[in-house]
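Each chain is listed here by its residues.
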Amino acid sequence: MTRIILRLSLFILLLSLTTLSAQNRDEERLVRLIRANRAETIESETLDKKLVSGNAQFLHNGALIVCDTAIWNVTENTVDASRNVKIIQDENILTSDRILYIADSSLIKVRGDLVELIDKDSSLLRTKYLNYNTKDSVAYFFNGGSMKDTTGNIIESIHGYYDSKIKRFRFLESVNMYTQEMLIKSDSLTYFANDNYTIF
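This one's a predicted model, so the numbers in the text were calculated from it and none came from an experiment. (Residues numbered from 1 in each chain as written. Predicted model: local features only at pLDDT ≥ 70, side-chain atom pairs only at ≥ 80, totals over all residues. Heavy atoms only, no water.)

Novice: Is there a simple way to explain the packing of aromatic side chains in this structure?
Specialist: In the structure shown here, the tally under the stated rule is nine aromatic pairs. Ring geometry for Phe 58 versus Trp 72: centroids 5.7 Å apart, planes at 70 degrees, classification edge-to-face. Here Trp 72 lies in strand 4 (residues 63-73) and Phe 58 lies in strand 3 (residues 49-60), a separation of 14 residues in the sequence. Just as Phe 58 is buried, Trp 72 falls in that class too. Ring geometry for Tyr 140 against Phe 142: centres 5.6 Å apart, planes inclined by 20 degrees, an arrangement best described as stacked. (Phe/Tyr/Trp six-rings, centres within 6.5 Å; stacked < 30°, edge-to-face > 60°. Helix = DSSP H or I, 4+ residues; strand = E, 2+ residues; numbered from the N terminus. Buried < 20%, exposed > 50% of the residue type's maximum accessible area, 1.4 Å probe, protein only.)

Here it is, written out as C-alpha cells:
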C-alpha cells in the first residue's frame, strides 16, 4: 500500500512539474505589456486586440519595446508599434518610426524614413529596412545601409548583418569604406567593433 501511495505521489509531482514547465514556456512565448497610460480593447469576433497608448512598454526575450502607440494582438502574439519606437536589448538601441514584432518568430520588422541601430560602443548603423531577431540578437539590413564607427570611418553596402553577441558587422554587395586616408571598395567586408579592425 505504501509503495502505491509513493508511486501515486511521484506521478502527481511529475504531472505538476510538467504542467508548470508548459506554463513557463507559454509565458516565455507571450509578449508582456509592462506599462502604458491607456489600453482599450479593439472589437473583433476572432482576435483579442488592444490599442495601447501613452509611453507603452512591452517585453519579450529580454528586449524592451517602447513606443507612443501600439496595436497589441494578443491572439497572434504580435505588436504593431508606431511613433517614437525604441527597442533596447543588450545595451543596443534600435529606433524607428514603426515596427511590427512577430513574437512567435522573435522577429522585429523595422521600417521607416530613418532606422538607427546604436551598439554599446556607439557604432551607428543607418538604413530604412531592417529585421531584428530578439532571440539571437542579430540584425539584417537590406536595400542599402551605412555604418559609422567610433573612429569616424563610414562603411556602406546594399545589405548586411550585425551580430550583437560578438559585436560583428558584415557588409555585403557594393561595399564602400571611407576613411580619412582612403576609399576601399569590396564585395564584402567584416568589421569587428570590439577590436576595431576590418577584414575585406
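From this point, things continue past the structure.
Novice: Looking at this model, I keep getting lost on a nonpolar patch on the surface. Mind explaining?
Specialist: A contiguous nonpolar surface patch, about 190 Å² in accessible area, is contributed by Ile 88, Ile 93 and Ile 118. Among the structural elements, Ile 93 can be located in strand 6 (residues 92-102). (Patch = residues over 30% accessible without salt bridge, like charges linked within 9 Å, V, L, I, M, F, W, Y side chains within 5 Å. Areas by Shrake-Rupley, 256 points an atom, 1.4 Å probe, with all protein chains shown as cover. Salt bridge = Lys/Arg side-chain N within 4 Å of Asp/Glu carboxyl O.)

Novice: Explain the pattern of salt bridges to me, please; I cannot follow it from the model alone.
Specialist: Close approach of charged atoms allows side chains with opposite charge to pair. For the coordinates displayed, the defined rule picks out six salt bridges. As a salt-bridge pair, Asp 48 and Lys 50 come within 2.8 Å of each other at their nearest N and O atoms. The class for Asp 48 is partly exposed, based on a relative accessible area of 32%. Residue Asp 80 is joined to Arg 98 by a salt bridge in which the shortest nitrogen-to-oxygen separation is 2.8 Å. A residue pair is termed long-range when its members are at least 10 positions apart, and Asp 80 in strand 5 (residues 78-89) and Arg 98 in strand 6 qualify at 18 residues. Accessibility expressed as a relative area gives 45% for Arg 98, which makes it partly exposed.

Novice: Which parts of the structure should I look at to understand the nonpolar core?
Specialist: Phe 58, Ile 99, Leu 130 and Phe 171 are the most contacted members of the largest nonpolar core, which has 37 residues in total. Ranked by residues supplied to this core, first place goes to strand 4 with five residues. For Leu 130, the contacting residues outside a window of four places in its chain are Leu 94, Ile 108, Lys 109, Val 110, Arg 111, Val 115, Leu 125, Ala 139, Tyr 140, Phe 141 and Phe 142. (Core = buried A, V, L, I, M, F, W, Y, C linked by side-chain atoms within 4.5 Å. Contact = heavy atoms within 4.5 Å.)

Novice: Would you explain the environment of Ala 70 in this entry?
Specialist: In this fold, Ala 70 is placed in strand 4. With a relative accessible area of 1%, Ala 70 lands in the buried category. Expressed as a C-alpha distance, the spacing of Ala 70 and Ala 39, which sit 31 residues apart in the sequence, is 9.4 Å. Apart from the residues lying within four places of it in its own chain, the contact partners of Ala 70 are Lys 50, Leu 51, Val 52, Phe 58, Val 79, Asp 80 and Ala 81.

Novice: Sorry, what's going on with unusual backbone geometry here?
Specialist: If a residue is not glycine, its phi is most likely negative; likewise, a peptide bond is most likely trans. Despite not being glycine, Asn 77 has its phi angle at roughly 60 degrees, a positive value. Looking at the secondary structure, you find Asn 77 in the loop between strand 4 and strand 5. Residue Asn 77 is classed as buried on the basis of its relative accessible area of 2%. For Arg 83, which is not a glycine, the phi torsion comes out positive at approximately 65 degrees. Relative to the helices and strands, Arg 83 resides in strand 5.

Novice: Hey, could you run me through the confidence of the model for the protein in this one?
Specialist: Low-pLDDT stretches of the model should not have their predicted coordinates read in fine detail. Scored by pLDDT, the protein comes out at a mean of 87, with 86% of its residues at no less than 70. Here residues 13-24 scores under 50 on pLDDT; set against residues more than four positions off or in separate chains, the count is zero contacts. (pLDDT = per-residue confidence, 0-100.)

Novice: How do you make sense of the environment of Gly 112 when you look at a structure like this?
Specialist: Within the secondary structure, Gly 112 is located in strand 7 (residues 107-118). Each C-alpha atom, one on Gly 112 and one on Ile 99, is 8.4 Å from the other, the two residues being 13 residues apart in sequence. Excluding residues within four positions of it along the chain, Gly 112 makes contact with Ser 96, Asp 97 and Lys 128.

Novice: Hey, could you run me through the side chain of Lys 167 in this one?
Specialist: Mapped onto the elements, Lys 167 comes out in the loop between strand 12 (159-163) and strand 13 (168-178). Asp 119 is the oppositely charged side chain nearest to the buried, salt-bridge-free Lys 167, at an N-O distance of 5.6 Å. Side-chain polar atoms of Lys 167 contact the backbone oxygen of Ser 164, separated by 3.3 Å. In contact with Lys 167, not counting residues within four places along its chain, are Asp 90, Asn 92, Lys 120, Tyr 162, Tyr 191, Phe 192, Ala 193 and Asn 194. (Lys, Arg positive; Asp, Glu negative; His and termini not counted. Polar contact = N/O pair within 3.5 Å; in protein donor to acceptor, adjacent residues only side chain to side chain.)

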